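Letter by letter, the chains look like this.
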Amino acid sequence: MPLSSLRSYLTIAGRSSAEIEVRRSRFVCDVERVETEEAAREFIEAVRSRSREARHHCTAFILGPDGAIQRSNDDGEPSGTAGAPMLEVLRGRGVSDVVAVVTRWFGGVLLGTGGLIRAYGDAVSAGLDAASLVTRELRVEALVEVNHADGPRVENALRGHPGTTVITVDYLATGVRIIAGVEPDGFDELAGFVASLTSGAAAVTAGATTWVDTDPHRP
């Protein structure tokens, strides 16, 4: 889907972990929210470094609002039995900006191709089940500058205004500066709303587009 038409996507709130056991092999899945390939690889190495005695650290990650970057690695397991099913679970859950690492301690019983595929996929499913999910929505940054007297009232009104997310509030010597995220087609309405609150005294200017977290929920 082109980024220009993409308004929201699903990710996780933060790190989570889960463990399953399959025929005496332990599979521990760690998932983390990341936004760059470098951050994903740093997390993978951090997990690997704390459990180097494990036989395998298989990985998968999806990055970007449109999920354009997708990578997986079997880390010594038979080709296609670990990284690919892990990646497929991430795709199936519709999440992005997520890296998953499944660490396996071999239990002495061979699982076979089908068993490995199920185990690695089930481990990632368990890791995501343990995570809180959030929706990220595309917003236009609105810079609202008001005097000190109007600042708290405008901030509270913006926090309750539909389709608006307050990103930062700074109380400065010269007044109050609020950066709010507004739906891409809602900037003019927001500017009019602030003008009505302040009798036209506030300055509202449009900034860059950004992604903001909204709607935390469980899967």
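Residues numbered from 1 in each chain as written. Predicted model: local features only at pLDDT ≥ 70, side-chain atom pairs only at ≥ 80, totals over all residues. Heavy atoms only, no water.

Caption draft 1: How the structure looks around the layout of surface pockets. Approximately 170 Å³ is the volume found for the largest pocket. As for the largest pocket, its lining consists of 15 residues, of which Pro65, Asp66, Gly67, Gly94 and Ser96 are closest to the centre. Of all the secondary-structure elements, those providing two or more residues to the lining of the largest pocket are β1 (8–12) and α2 (83–93). Partitioned by chemical class, the residues of the lining of the largest pocket number seven nonpolar, six polar and two charged. (1 Å grid on protein atoms, 1.4 Å probe; cavity = no way out; pocket = protein on both sides within 12 Å on 5 of 7 lines; lining within 4 Å. Points joined across faces, edges and corners; volume = space filled by probe spheres on them. Helix = DSSP H or I, 4+ residues; strand = E, 2+ residues; numbered from the N terminus. Nonpolar A, V, L, I, M, F, W, Y, C, P; charged D, E, K, R; others polar.)

Caption draft 2: Molecular detail of the pattern of salt bridges. For the coordinates displayed, the defined rule picks out 18 salt bridges. The shortest N-O distance in the salt bridge between Arg41 and Glu37 comes to 2.9 Å. Here Glu37 and Arg41 lie together in helix α1 (residues 37–50), a separation of four residues that amounts to about one turn. On the basis of relative accessible area, Arg41 is assigned to the partly exposed category, the value being 44%. A residue is classified by how much of its surface remains accessible, and Glu37, at 24% relative accessible area, is partly exposed. Note that Arg104 is salt-bridged to Glu77, the shortest N-O span being 2.9 Å. Linking Arg104 in strand β6 (residues 98–105) with Glu77 in the loop between β5 (69–73) and α2, this pair joins segments that are 27 residues apart in sequence. Judged on exposure class, the residue Arg104 and its partner Glu77 are both buried. (Salt bridge = Lys/Arg side-chain N within 4 Å of Asp/Glu carboxyl O. Buried < 20%, exposed > 50% of the residue type's maximum accessible area, 1.4 Å probe, protein only.)

Caption draft 3: Quick peek at the state of the cysteines. Inspection of every chain in the model, using the stated rule, returns zero disulfides. Looking at the unpaired Cys29, the closest cysteine sulfur is the one in Cys58, lying at 11 Å. Since its relative accessible area comes to 0%, Cys29 is described here as buried. (Disulfide = S-S within 2.5 Å.)

Caption draft 4: Inspection of unusual backbone geometry at higher detail. At Asp75, a residue that is not glycine, the phi angle is positive and equals roughly 45°. Although it is not a glycine, Ser199 sits at a positive phi angle of roughly 55°. Mapped onto the secondary structure, Ser199 falls in the loop between α5 (187–198) and β10 (203–217).

Caption draft 5: Main features of the side chain of His161. Locating His161 in the fold gives a position in the loop between α4 (151–159) and β8 (164–172). Judged by relative accessible area, His161 falls into the buried class, the value being 12%. Beyond its immediate chain neighbours, meaning those up to four positions away, His161 contacts Glu189, Leu190 and Phe193. (Contact = heavy atoms within 4.5 Å.)

Caption draft 6: Region of the structure containing the nonpolar core. Counting residues in each nonpolar core, the largest one holds 29 residues, and the members touching the most others are Phe27, Met86, Leu90, Val102, Tyr120 and Val124. Contributing elements (two or more residues each) for this core: β1, β2 (16–22), β3 (25–33), β4 (56–63), α2, β6 and α3 (112–129). By residue number, the principal contributor to this core is α3, which donates seven residues. Core analysis: the second largest hydrophobic core is formed by 14 residues, Val146, Leu158, Val166 and Val194 among them. (Core = buried A, V, L, I, M, F, W, Y, C linked by side-chain atoms within 4.5 Å.)

Caption draft 7: Broad picture of the environment of Gly108. Mapped onto the elements of the fold, Gly108 is located in the loop between β6 and α3. Each C-alpha atom of the pair Gly108 and Arg24 lies 7.2 Å from the other, and the pair is 84 residues apart in sequence.

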